[in-house]
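# Coordinates in review
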Amino acid sequence: MTDPAGSGTGSVAVGRAPLTAAEVAERHARGEANVIAARTSRSFGEIFRANAFTRVNGIYLVMLLLILGTGYVIDGLFGLLIIVNSVVGMVQEVRAKRTLDRLALLSKAPARVERATGVAEVDVEQVVLDDVVLVAAGDQIPVDGVVLDATGFEVDESLLTGESEPVLAGVGYELKSGSFVAAGSAAFRATAVGEHAYAARLAKEASEFRKPSSQLRAGIDQILKYVTWALIPVGVLTIVNQIWGHAEDWRNAVRGLVAALVPMVPEGLVLMTSVAMAVGVIRLGRRNCLVQDLPAIEQLARVDVVCTDKTGTLTEDGMRVGSVEPLGVADDRIEAALAAIGRAEGKPNASMAAILEHVATAPALAVQTSVAFSSARKWAAVQCAGTGAGRVETWVLGAPDVLLPPGHPVRTRSDALASEGLRVLALARSDAALPDPAAAGDGLPDGLVATALVVLDQRLRVEAPGAIAYFAEQDVDIKVISGDNAAAVGAIAAEAGVPNGRDAVDARTLDPESARFDAEVQTRTAFGRVTPTQKRAMVHALQADGRVVAMTGDGVNDVLALKDADVGVAMGSGSPAARAVSRIVLLDNSFATLPHVVAEGRRVIGNIERVATLFLTKTLYSILLALLVAVTAVPFPFLPRHVTLIAWFTIGIPAFFLALAPNTARAQDGFVRRVLDAAVPGGIGAALASYGAYLTARAVLGTGHDLRVLTSSTAFLALIIVAFFVLITVARPFRPWKIGLVGAMIGGMLVVILTPFGSRLFDVDLHDPRAVLIGCAFGAAGIGVRYAARAVLRTVYAAVTRRRQRREAAAG
């Protein structure tokens, strides 16, 4: 603990008169309430504008107007994508918004305020300037204020200042919103609310840096940047070739221009990414899982180690006192001391709540001063009047291995109970006064004598073993990190099925600055007597080893680790501070929800990678084909209706279903490289196949208006053969529904191009066997080119990687 209470704040007025209803209403009218413009998602108007007025829709609208100007309305079918892109995106985002808003409301922690009518629980937004706010251990400070009175009150400001030690905050101490209560309880006067509070001002100053990082979004942006670089020069060449390079009818030139430019835009990539993310939010919402920022779903897909607290996470929330074993002291004195310690807590934790229930009818000792329980100390204490004049006695309740020396017979008994998975606390007494909390040392009085053992039953959650088994199957490591006795942690971990969980490490033997600390964290699976700062250090050690860490917890002792983990997951019944810093909140408090959360992240990211491969293959073959056509100064082989038809059956419809399919593969780094590795060879194969088939058809079948449809149909056939092959590879591994999906797409395409109505509507003519033969031959050749291009690209990439590694080794 640092910085004794009241330093530098002696001049602050600390009157405690609560506000009347009229005074509260007056402050609301003046705008002095704790209202902050913080939202779980965009407003409905912003959703409409963001989905309707996009760059892609703007490009398509211009192209549509050009086509409508030619009179060939059927070639404007691609304009339907403007409506589809807008409506699908809006519907899914609105559904996700409603889910998030509902869950955020359920997750919201009320504030306790003292008004003239008494203590009331109100929404945080209802706290007004000069309100008297009551807080206790685990609460997050909602507004700035000055402490009016305090009991063992310690504030952790690490989320704001980075200072890891809690501050002992007495009367007059200036509190900052955003910090949280590490121990004790207090009442304080609100001095700044809403946008004027410290946390709100800090967030506003750093708003441009607050957007959570997303490798996926960054990767898609990088891909789109590459596409833009290629699209501009190719687009200019296409315009020159189609408009000025051919003296034919300007209408046909415009149709060729639009047919070349439209498929270059990866119109569905961003849309499908947004839809997949939104559907992920909705699915998790159905499991009462609140996703507080969307990139958390992406990080879930990469998680390869889950660090979990024991109490309240692996075990059930509630505890009960199984027994109290007295050690030479009368039972009524023991109960009175336990009642005094428990009732001194402003907000009892699970253990203290069970003890208070056990001694509910017992009279408590008269308390002179107290020290609240904290996870760092692992004990609580009260000082009472002794039996003689001027004498005192101190009662301390805490971990036996903290209060008692090694080898003490009571510790031997407590260790035996802990090895059975029970939580054990020791009650000890001393005739010495409580030391000054700000003084050096552990803060314990001298001459402590054990007077009782309090044995608490804690039950393993019935769903915990199944969840642990799931993670083992998915190659996700489990680390149980708890402040409880190492033997108790080991017993619960073993019961839950954690590999090597029985052999728990006592974290007091570990120094976070030592090399042994990192080695133990990486190799062992269960840890006891872990302090909050050690929890955070363990997360850092795993991250330094290249691991992607999810941390679950519910208490104030988990806050630091939850904040620094790649994905912090809080229990809904946990402390407000734990929920505030976590990226995901399990509102049903079920550990069994966590496998579904991880699986949803994997499904979303894995499917976005598949969808990206489809859309980028189309973009690449469109750019390459347009470049080849422009360089060789031949008319573009396709009409806009052709590219629309290809997009429907080989990309758009299957991409929608594939984006929502099950996918359990853990996401890895290198999104851009993997997508390009799959898309570039397919794009090269499709472009060369269609271009080769087109030139061959022109040479073999002749030219002229009558043969234009036949030559373009030949190129069309070659292209769809390669495009469907790419779809088949992307759809792997096969499942019955995937086989049905691909079969339906191929069947739909055949119905369109082989029936008289479809062939006339889409201007496809394959009645000449020579055209079919040429198309099939070049389609097969395109598949071969895809494999050859992939082999060459991988060889080049491997050579570049080796060269870079040699340079790095030489530089190192």
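Because the structure is a prediction, the values reported are computed rather than measured. (Residues numbered from 1 in each chain as written. Predicted model: local features only at pLDDT ≥ 70, side-chain atom pairs only at ≥ 80, totals over all residues. Heavy atoms only, no water.)

### Section: the confidence of the model for the protein chain
Selection rule: pLDDT measures how confident the predictor is about each residue, on a scale from 0 to 100. Strands here mean DSSP runs of E at least two residues long; helices mean DSSP runs of H or I at least four residues long; both are numbered from the N terminus. Residues are treated as being in contact if the distance between any of their heavy atoms lies within 4.5 Å.
Averaged over the protein chain, the pLDDT score is 82; the fraction of residues at 70 or greater is 88%. Looking over the protein chain, one finds the lowest element-wise mean pLDDT in helix α6 (residues 198-205), namely 64, and the highest in helix α25 (residues 736-754), namely 93. Low pLDDT, under 50, characterises residues 1-14; the predicted model gives this stretch 33 contacts beyond four residues in sequence or across chains. Segment residues 206-212: pLDDT under 50, and four contacts once partners within four positions in sequence are set aside and those in other chains are kept.

### Some details on the sheet that holds strand β11 (residues 367-371)
Within a sheet, adjacent strands bond to each other through the backbone by hydrogen bonds, running parallel or antiparallel. Applicable threshold: Strands pair, by our definition, only if DSSP identifies at least two bridges between them. Angles here are taken between N-to-C directions and fall from 0 to 180 degrees, while the axes themselves are lines fitted to C-alpha atoms, restricted in helices to the stretch in contact.
Read across the sheet, six strands follow the order β10-β15-β14-β13-β12-β11 without closing on themselves; strand pairing throughout is antiparallel. The open sheet has two edge strands, β10 (320-326) and β11, and neither has a second partner. Between one strand axis and the next, the sheet turns through 20° on average, direction left out of account. Two strands pair when backbone bridges link them, and strand β12 (residues 379-385) and strand β13 (residues 392-398) are joined in this way by seven bridges, in the antiparallel orientation. If you follow Trp379 over to β13, its bridge partner there is Gly398. Packing of helix α12 (residues 350-358) onto the sheet brings it into contact with β10, β12, β13, β14 (423-430) and β15 (449-457), and relative to β10 it is tilted by some 70°.

### Concerning a positive patch on the surface
Note the following rule: Here, patches come from residues exposed beyond 30% relative accessible area and free of salt bridges, joined within 9 Å for like charges and within 5 Å for nonpolar side chains (Val, Leu, Ile, Met, Phe, Trp, Tyr). Per-residue accessibility takes into account occlusion by the displayed protein chains alone, with areas from the Shrake-Rupley method and a 1.4 Å probe. Each reported salt bridge corresponds to a side-chain nitrogen of Lys or Arg within 4 Å of a carboxyl oxygen of Asp or Glu. His is not counted, nor are the chain ends, whereas Lys and Arg count as positive and Asp and Glu as negative. Where a charge lies is defined by one atom per residue type: Lys uses NZ, Arg uses CZ, Asp uses CG and Glu uses CD. Relative accessibility under 20% of the residue-type maximum defines a buried residue, over 50% an exposed one, and the middle range a partly exposed one, all with a 1.4 Å probe and only protein chains included.
On the surface, Arg802, Arg803, Arg806 and Arg807 cluster together to form a positively charged patch. Residue placement: Arg807 occurs in helix α27 (residues 769-811). Taking relative accessible area as the criterion, Arg807 reaches 53% and is therefore assigned exposed.

### Considerations on the sheet that holds strand β18 (residues 526-528)
Spatially, the eight strands line up as an open sheet ordered β8-β21-β20-β19-β9-β16-β18-β17, and their pairing is mixed. Taken across any chain shown, the strands that pair with only one partner, and hence form the sheet edges, are β8 (289-291) and β17 (505-506). When β17 meets β18, the two strands line up parallel, connected through two bridges. For Val505, the partnering residue across the bridge sits in β18 and is Phe527. Its contacts with the sheet put helix α16 (residues 486-496) on β16 (477-481), β17 and β18, and the angle it makes with β18 is roughly 150°.

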